[in-house]
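Below are the chains, spelled out letter by letter.
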Amino acid sequence: MKLVKPKKFLGQHFLKDLKVAQDIADTIDSTPEIPVLEVGPGMGVLTQFLIKKNRPIKVVEVDYESIAYLREAYPALENDIIEDDFLKMDLRRLFDGKPFVLTGNYPYNISSQIFFKMLDNKEIIPCCTGMIQKEVAERIVARPGSKTYGILSVLIQAWYKAEYLFTVSEHVFNPPPKVKSAVIRMTRNDTKELGCDEKLFKRIVKATFNQRRKTLRNSIKPIFSGKDCDLLQDELFNKRPEQLSIEDFISLTNRVEKALRALNAPDNKS
């Protein structure tokens, strides 16, 4: 059986430590019984342990060589090996619209995009586990006031409980990445709705953290399209984004939305 050569342009780093693979597979046990989708199985080092969970499992892989290897190594998975780009897939078609656990040894170059897609499908992904770059994992679980607190921290923690489970050495991969890795688990919290305009919430979070050295006043001002707004004179806008909790961002979103409505009211239009 021909082994698959890791491809740099796909961000492939194949895990070779079976104990680590087993430990990653076990992270899905916190959400039992429902199906599992593994992203980027490569040569199946994690897949072999997921199969033993006796749950419906599908794997999605974009690398044609890995697909060929998986079909030969795991014939029982033949109908559940999906050759596709996870980021472009309609996830609601995978298990007839039913919830599933998302897991994998995620390609480092697209891990953030994977989690944004998870957020877009949060109604059917009650749990997401897996291995990513340590730095990204630290950002996801970061709390307000820390240097690593940012866009991923706020957007994910608004909907999920995020846990940093354990660190993984770079020496257990082929080829070894230049950074350490970490295994995380994100489990849906009880939030059904944020209590604000979600699109505006995302826009404000991204706008403020993309200019995190600026005060909120300067990063949010463009949202008002150059119009004068009394709201920006509030002391709150002297703060920087890392000083705000998720609840603060929700409150801020509602205040900005109210101010935008006032500015765009017929009486205020020239």
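Report follows, based on the coordinates. A quick note: this is a predicted structure, and the numbers were derived from the prediction, not measured.

Calculation notes
Residues numbered from 1 in each chain as written. Predicted model: local features only at pLDDT ≥ 70, side-chain atom pairs only at ≥ 80, totals over all residues. Heavy atoms only, no water. Salt bridge = Lys/Arg side-chain N within 4 Å of Asp/Glu carboxyl O. Helix = DSSP H or I, 4+ residues; strand = E, 2+ residues; numbered from the N terminus. Buried < 20%, exposed > 50% of the residue type's maximum accessible area, 1.4 Å probe, protein only. Pairing = 2+ DSSP bridges. Axes fitted to C-alpha atoms, helices over the stretch in contact; angles between N-to-C directions. Contact = heavy atoms within 4.5 Å. Phe/Tyr/Trp six-rings, centres within 6.5 Å; stacked < 30°, edge-to-face > 60°. Lys NZ or Arg CZ within 6 Å of the ring centre and 35° of its normal.

**Regarding the pattern of salt bridges**
This model, assessed by the stated rule, comprises 15 salt bridges. With a closest N to O distance of 3.0 Å, K58 and D80 form a salt bridge. Here K58 is found in strand β3 (residues 57–61), whereas its partner D80 is found in the loop between α3 (64–73) and β4 (81–83), with 22 residues between them in sequence. When the shortest N-O distance is used, the salt bridge between E135 and R139 registers 3.2 Å. Highlighted residues: E135 and R139, both in helix α5 (residues 134–141), separated by four residues, approximately one helical turn. When its relative accessible area of 46% is taken as the criterion, E135 is described as partly exposed. For R139, a relative accessible area of 28% gives the class partly exposed. A single network of salt bridges, built from pairs that share partners, joins D26, D29 and K53.

**A short note on the pairing of strand β9 (residues 181–188)**
A large share of β9 lies buried, amounting to six of its eight residues. Bridge count between strand β6 (residues 127–133) and β9: seven bridges; the pairing is antiparallel. Following the sheet pairing, T129 is matched in β9 by R185. As paired elements, strand β7 (residues 160–168) and β9 share eight bridges and run antiparallel to each other. Bridging across to β9, A162 finds its partner in M186.

**A look at the sheet that holds β3**
Spatially, the seven strands line up as an open sheet ordered β4-β3-β2-β5-β6-β9-β7, and their pairing is mixed. Strand pairing shows two members of the sheet lacking a second neighbour, β4 and β7, which therefore form its edges. Across the sheet, the mean angle from the axis of one strand to that of its neighbour is 20°, orientation sign disregarded. Sheet analysis places strand β2 (residues 36–39) next to strand β5 (residues 101–104), joined by four bridges and oriented parallel. When the bridges of β5 are listed, E38 appears paired with T103. Along the sheet, helix α1 (residues 18–26) makes contact with β5, β6, β7 and β9, crossing β7 at roughly 170°.

**What to know about the packing of aromatic side chains**
A full pass over the atoms with the stated rule returns four aromatic pairs. For the pair F95 and F100, a centre-to-centre distance of 5.5 Å together with 45° between the ring planes defines the contact as tilted. In terms of burial, F95 and F100 fall into one category: buried. When the centroid spacing of 5.8 Å and the interplanar angle of 80° are considered together, the rings of Y149 and F209 count as edge-to-face. Placement of Y149 in the loop between α5 and α6 (151–157) and of F209 in helix α7 (residues 198–209) is noted, with a sequence separation of 60 residues between them. Among the residues examined, Y149 registers a relative accessible area of 1% and is labelled buried. Residue F209 is classed as buried on the basis of its relative accessible area, which comes to 7%. Ring pairs connect the aromatic residues Y149, F209 and F249, which therefore count as one cluster. Above the face of the W159 ring, K122 is positioned so that its terminal group lies 4.4 Å from the ring centre.

These figures come from the coordinates and say nothing about function on their own.
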